[in-house]
Amino acid sequence: MRCLYCHMKMDEELNIMTLFKARHPLCDSCKKALLEKFEGPRCQRCHQVTKKTIAVCGDCQTLIEVYPAVDKIYTFTDYNDAVKMLMHRYKFLKDYAMVEIIGFICDVNLSSYDYVVPIPISKERMRERTYNQALEMIVKLKAKPAIFLETKAKERQSEQGRQSRMARKNPFYLSEDVREKDFTGKSIIIIDDIYTTGVTVHQAADVLKVLNFQNIDVLTFSKA
Ligand SMILES: [Zn+2]
Ligand SMILES: [Zn+2]
């Protein structure tokens with residue numbers, strides 16, 4: 001068996017114990033590189049590294065004020081060099097094996113949520129990318145994607161500066177079939193690949209909140 005990330009052959013011991021266990025798709029050094037954490041104290045809400053451990057960092061304070069709908073934020077890796085390369089391979093080189101790795105690392109059970117919503121991409125971007133990376137993540141995590149949000153935004157987020165992202169207009173709107181519905185008492189989680197400024201997922205939550213969910217959580221594979 002080869003490592004999904006570096007393709008190196010992995011030695012494996014085959015015995016009655018290993019035979020029935022799900023094999024880890026990564027070699028030890030790739031596992032270590034991808035899971036390497038940035039050092040330092042963190043914001044307890046968004047998990048970004050800060051000068052000292054604080055409940056809510058400055059970015060979160062701003063976001064809570066402008067888009068107050070997000071409850072909990074989960075993230076699984078820091079945006080280190082190995083993760084950066086993995087995302088590049090996944091999004092731009094269309095190396096679909098990367099989503100296997102993402103699914104393996106995001107060790108989470110989404111079944112406690114009533115709805116699992118991917119951050120949408122526009123039809124135009126879908127044509128050039130051929131898949132929505134957030135939606136594929138959901139499928140890998142064995143959940144059913146709920147298409148509650150749509151967008152017509154053309155620009156690539158990664159090409160925008162931090163300032164313009166914070167100031168941008170909300171690019172999301174509700175899908176037609178949920179617009180008139182009421183989801184009182186239901187829980188929902190928004191899935192995205194990377195949490196950078198947090199604006200994307202907070203804007204998504206801001207659109208969803210009119211549907212009266214009991215809680216709106218967020219899960220991203222990586223935190224920049
Ligand atoms: Zn490897
Ligand atoms: Zn924060």
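Residues numbered from 1 in each chain as written. Chains lettered and ligands numbered in written order. Predicted model: local features only at pLDDT ≥ 70, side-chain atom pairs only at ≥ 80, totals over all residues.

Looking up the protein chain in an unreviewed UniProt entry gives the name DNA utilization protein GntX, with the organism given as Jeotgalicoccus meleagridis. According to the UniProt record, the Sequence similarities (unreviewed entry) comment for the protein chain reads "Belongs to the ComF/GntX family." (UniProt positions renumbered as here; feature names shortened; annotations may be inferred.)

Student: Explain the overall build of the protein chain residue by residue, including any values.
Tutor: For the protein chain, the count of helices and strands is nine helices and six strands. With respect to the three principal axes, the spread of C-alpha positions in the protein chain is 55 × 40 × 35 Å. By residue count, 32% of the 224 residues in the protein chain fall in the buried class. Taking the contacts inside the protein chain whose residues are at least 6 apart along the sequence as the reference set, 73% of them involve residues at least 24 apart. (Helix = DSSP H or I, 4+ residues; strand = E, 2+ residues; numbered from the N terminus. Buried ≥ 20, exposed ≤ 12 C-beta atoms within 10 Å, placed from the backbone. Contact = placed C-beta atoms within 7 Å.)

Student: Can you tell me about the sheet that holds strand 1 (residues 73-78), naming the residues and giving the values?
Tutor: If you trace the four strands from one edge of the open sheet to the other, you get 1-6-5-2, paired in parallel fashion. At either margin of the open sheet sits one strand with a lone partner, and together these are strand 1 and strand 2 (115-118). Each strand of the sheet is rotated relative to its neighbour by a mean of 20 degrees, with strand direction disregarded. Pairing analysis gives four bridges linking strand 2 to strand 5 (residues 187-195), with the strands arranged parallel. Paired with Val-116 across the two strands is Ile-189, which belongs to strand 5. On top of the sheet, helix 9 (residues 199-208) reaches strand 5 and strand 6 (215-223); it is set at about 155 degrees to strand 5, its chief contact. (Pairing = 2+ DSSP bridges. Axes fitted to C-alpha atoms, helices over the stretch in contact; angles between N-to-C directions.)

Student: Mind laying out the nonpolar core, listing which residues take part and the relevant values?
Tutor: Judged by nonpolar contacts, the single largest core of 49 residues is most densely connected at Leu-86, Ile-190 and Ile-191. Among the elements that make up this core, the one with the highest residue count is strand 5 (six residues). Apart from the residues within four sequence positions on either side, Leu-86 is in contact with Tyr-5, Leu-34, Met-98 and Ile-101. (Core = buried A, V, L, I, M, F, W, Y, C linked by C-beta atoms within 7 Å.)

Student: Describe helix 7 (residues 133-140), listing the residues and the values that go with them.
Tutor: Every buried residue of helix 7 is accounted for by Gln-133, Ala-134, Glu-136, Met-137 and Ile-138. Where helix 7 terminates, the next one or two residues include Lys-142, which has phi positive at roughly 60 degrees.

Student: Go over the confidence of the model for the protein chain with me, naming the residues and quoting the values.
Tutor: For the protein chain, per-residue confidence averages 90 on the pLDDT scale, and residues scoring 70 or more make up 90% of the total. Within the protein chain, the lowest mean pLDDT, 64, falls on helix 1 (residues 16-19), and the highest, 98, falls on strand 2. (pLDDT = per-residue confidence, 0-100.)

Student: Just give me the short version of the packing of helix 4 (residues 81-91) against helix 5 (residues 97-105), but keep the residues and values in it.
Tutor: As a packed pair, helix 4 and helix 5 sit with axes 8 Å apart at the nearest point and diverge in direction by 135 degrees. Here helix 4 lies oblique to helix 5, going by the angle between them. Both helix 4 and helix 5 take part in a crossing whose hand is left-handed. Note on element contacts: helix 5 touches helix 4 through Met-98, Val-99 and Ile-101, opposite Leu-86, Arg-89 and Tyr-90. For the contact of helix 4 with helix 5, a count of residues per class yields five nonpolar, no polar and one charged. (Parallel < 35°, antiparallel > 145°, perpendicular 65-115°, else oblique. Left-handed = near helix turned anticlockwise from the far one by under 90°. Nonpolar A, V, L, I, M, F, W, Y, C, P; charged D, E, K, R; others polar.)

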